[in-house]
Amino acid sequence: HGYQLLAADGSKAIFPYNARDEAACHPKDHYNALHLNTLYDLCSKYYVDAEINPETKAGEPGAAVEMIERISDKNPVILVADRGYENYNLFAHAEERLFDYVIRIKDRESNGMLSGIELPDEDEFDVERRVICECQLESEPRARLILSHLCSFESEPPKHRSSNDPDGRSPHSY
């Protein structure tokens, strides 16, 4: 099979109130908290990486980006995550690394990604969408990112793989 199946998940740890620990302090609620994010190899049954951040500054997608950037390129990866990881930036980093991924997103009644997309009014359906995200960088012209299985950042080549990718997929599209 050759794939590394990684699950991303996070959990909050609550501690007694300590006003001196400003980063992890919730003064209104009188507790402190840290947020633990992990990458767990489901086949080998071990933790590959972890990020611990103050809960007030916790961001599951940002922590996942940091962790996937530290993964070696030994095996192809399938990343699995829950709704807390619904984030275009995380998807872009997974695409850049040529990872396959399954990330649960919030339902269409929420304020998540599906809230602005027209979808069939059925309980189950498969829909393929091509999403184009654009952002203006201060030092560069508008950068375009296309999220799909076959292409990655259009403005610059991926940092981790060459255009002669061994699995035959082109990591770059112009």
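All of the points below concern the structure found in this document. The structure displayed is predicted, hence computed values, not measured ones. (Residues numbered from 1 in each chain as written. Predicted model: local features only at pLDDT ≥ 70, side-chain atom pairs only at ≥ 80, totals over all residues. Heavy atoms only, no water.)

What follows concerns helix α1 (residues 60-69). Summarising burial for α1: seven of the ten residues are buried, a large majority. Three or more residues of α1 are buried, namely E60, P61, A63, A64, V65, M67 and I68. Where the residues of α1 are buried, they touch β1 (4-15), β3 (31-41), β4 (46-54), β5 (77-81) and α2 (88-96). (Buried < 20%, exposed > 50% of the residue type's maximum accessible area, 1.4 Å probe, protein only. Helix = DSSP H or I, 4+ residues; strand = E, 2+ residues; numbered from the N terminus. Contact = heavy atoms within 4.5 Å.)

Taken together, D107, E109, D121, E122, D123, E124 and D126 make up a surface patch of like negative charges. Summarising the element assignment, D121 is placed in the loop between β6 (100-103) and β7 (131-135). (Patch = residues over 30% accessible without salt bridge, like charges linked within 9 Å, V, L, I, M, F, W, Y side chains within 5 Å. Areas by Shrake-Rupley, 256 points an atom, 1.4 Å probe, with all protein chains shown as cover. Salt bridge = Lys/Arg side-chain N within 4 Å of Asp/Glu carboxyl O. Lys, Arg positive; Asp, Glu negative; His and termini not counted. Charge placed at Lys NZ, Arg CZ, Asp CG, Glu CD.)

Turning our attention to α2. With seven of nine residues buried, α2 is to be regarded as a mostly interior element. Taking the backbone nitrogen of N89 as reference, a side-chain oxygen 2.8 Å away marks N87 as the first, capping residue of α2. Positive backbone phi, at 60°, marks L98, one or two positions downstream of α2. (Polar contact = N/O pair within 3.5 Å; in protein donor to acceptor, adjacent residues only side chain to side chain.)

A word on the packing of aromatic side chains. Per the stated rule, a full pass over the model turns up three aromatic pairs. Seen from their ring centres, Y40 and Y47 are 4.8 Å apart, and the 65° between their planes marks the pair as edge-to-face. Taking the relative accessible area as the measure of exposure, Y40 reaches 23% and is therefore partly exposed. According to the relative accessible area criterion, Y47 is exposed, its value standing at 57%. Geometrically, the ring pair formed by F91 and Y101 is stacked, given 5.5 Å between the ring centres and 20° between the ring planes. Taken together, the positions of F91 in helix α2 and Y101 in strand β6 put the pair ten residues apart, joining distant regions of the chain. Taking relative accessible area as the criterion, F91 reaches 9% and is therefore assigned buried. By relative accessible area, Y101 is classed as partly exposed at 25%. Ring-pair connections join several aromatic residues into one group, and the members of that group are Y88, F91 and Y101. (Phe/Tyr/Trp six-rings, centres within 6.5 Å; stacked < 30°, edge-to-face > 60°.)

Further remarks concern the side chain of E51. Along the chain, the position of E51 falls in strand β4. Note on E51: relative accessible area 15%, which makes it buried. Reaching out from E51, the side chain makes a polar contact with the side chain of R70 at a distance of 2.8 Å. Residues within four places of E51 in sequence aside, it is in contact with H35, L36, N37, A63, E66, M67 and R70.

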